[in-house]
Amino acid sequence: MSDVYTSILTRIRAAALAAGRPADAVTLVAVSKLQPWDHIAPVLDAGQRVFGENRVQEAMGRWSERRSEVELRLIGPLQSNKARDAVAFFDVIESLDREKLARVLADEVQAQGRAPRLFVQINTGEEPQKAGVSPGQADGFIALARSLDLPLEGLMCIPPADQDPAPHFRLLGEIAARNGLSKLSMGMSDDFETAIACGATSVRVGSALFGART
Ligand SMILES: *Cc1c(COP(=O)(O)O)cnc(C)c1O
């Protein structure tokens, strides 16, 4: 398993260099959702420290005992009634996708005196079934989040499964650039090298690293 880990890291570095970027420009977010612990442990032992999870309760169950060893990122949809736990538990929330959630997170940040770094999820393909702010509303939403003193770090997207992802990755980069955001979370198992060519600063890789989810 750690051979797979090494090969993913090698591919990430090679893709960064091929794009004229520093070899260490891209952070691997290892997506551990729904994976058995015996798939995760070797990757943790090999030195991986940044993990992505889709659900608050599942993440707390998997990581509570090892919380101080890792950086944890919530990459799945966040219900408002889980915002308290999410603010308390995660280092990064990548799925800020609507005004109500922005307001609830702002209240929790105030109440807890703790603020995860935040990414706004953009629905670059404007797919009705997918979460995220539509590209045309992104600038206004980012301004709103900033007016609530939320610590925005970047943008995240999940392109439509049936399309060339590159135009979606480039669109995310354009929205980030014109809003002064430096981080781009984009690219998964099947397209992370394309995302790195388009400027990804972190890639979220699950099945290519840990195997198919059960
Ligand atoms: C599950 C998931 C991933 C990982 O997908 P793989 O194709 O297994 O690499 C990445 N990002 C998000 C938002 C996910 O939900």
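All values derive from a computational prediction rather than experimental measurement.

### Considering the pairing of strand β6 (residues 152–157)
Counting buried positions over the six residues of β6 gives six, a clear majority of the element. Alignment of strand β5 (residues 117–122) against β6, held across five bridges, turns out to be parallel. Looking at β6, one finds that I122 is bridged to C157. Considered for its hand, the β-α-β crossover made up of β5, helix α6 (residues 138–147) and β6 is right-handed. Of the pairings in the sheet, the one linking β6 to strand β7 (residues 183–185) comprises three bridges and is parallel in character. Following the sheet pairing, M156 is matched in β7 by S185. Crossover connection from β6 via helix α7 (residues 166–178) to parallel β7: handedness right-handed.

### Let's talk about the site of the ligand
Every residue close to the ligand is listed here: V31, K33, N54, I75, I158, M188, S189, R204, V205, G206, S207 and R213. When isolated, the ligand has an accessible area of 390 Å², and the protein chains bury 90% of it. Across the shell around the ligand, the residue classes break down as five nonpolar, four polar and three charged.

### Examining the nonpolar core
Grouped together as the largest cluster of nonpolar side chains are 61 residues, with contacts concentrated most on L96, L105 and L155. With residues up to four places along the chain from it excluded, the contact list for L155 reads F119, V120, I122, I142, L172, I175, A176, L181, K183, L184 and S185.

### Observations regarding the state of the cysteines
The final tally for this structure, using the stated rule, is zero disulfides. The closest cysteine sulfur to the non-disulfide-bonded C157 is located on C198, 9.5 Å from its own sulfur.

### Remarks on the packing of aromatic side chains
Applying the stated criterion across every chain yields a total of three aromatic pairs. On the basis of an interplanar angle of 40 degrees and a centroid distance of 4.6 Å, the ring pair of F51 and W63 is categorised as tilted. Here F51, found in strand β2 (residues 50–53), pairs with W63, found in helix α3 (residues 56–63); they are 12 residues apart in sequence, far enough to count as distant. With relative accessibility at 0%, the residue W63 sits in the buried group. Judged by centre distance (5.5 Å) and plane angle (85 degrees), the rings of F89 and F90 are edge-to-face. Here the two residues F89 and F90 agree in accessibility, since each one is buried. Clustering of aromatic rings is evident, with ring pairs tying together W37, F51 and W63. Cation over ring: R67 sits above F89, and NZ or CZ is 5.1 Å from the ring centre.

### Quick notes on the pattern of salt bridges
Applying the stated criterion across every chain, the model contains 13 salt bridges. Between R73 and E71 there is a salt bridge, with its nearest N and O atoms 2.8 Å apart. As a salt-bridge pair, R117 and E153 come within 3.2 Å of each other at their nearest N and O atoms. Of this pair, R117 sits in strand β5 while E153 sits in strand β6; the two residues are 36 residues apart in sequence, bridging distant segments of the chain. Residue classification places R117 among the partly exposed positions, given a relative accessible area of 30%.

Here is what the cut-offs are and how they apply
Residues numbered from 1 in each chain as written. Predicted model: local features only at pLDDT ≥ 70, side-chain atom pairs only at ≥ 80, totals over all residues. Heavy atoms only, no water. Buried < 20%, exposed > 50% of the residue type's maximum accessible area, 1.4 Å probe, protein only. Helix = DSSP H or I, 4+ residues; strand = E, 2+ residues; numbered from the N terminus. Pairing = 2+ DSSP bridges. Right-handed = clockwise from strand over helix to strand, strands pointing away. Near = heavy atom within 4 Å. Areas by Shrake-Rupley, 256 points an atom, 1.4 Å probe, with all protein chains shown as cover. Nonpolar A, V, L, I, M, F, W, Y, C, P; charged D, E, K, R; others polar. Core = buried A, V, L, I, M, F, W, Y, C linked by side-chain atoms within 4.5 Å. Contact = heavy atoms within 4.5 Å. Disulfide = S-S within 2.5 Å. Phe/Tyr/Trp six-rings, centres within 6.5 Å; stacked < 30°, edge-to-face > 60°. Lys NZ or Arg CZ within 6 Å of the ring centre and 35° of its normal. Salt bridge = Lys/Arg side-chain N within 4 Å of Asp/Glu carboxyl O.

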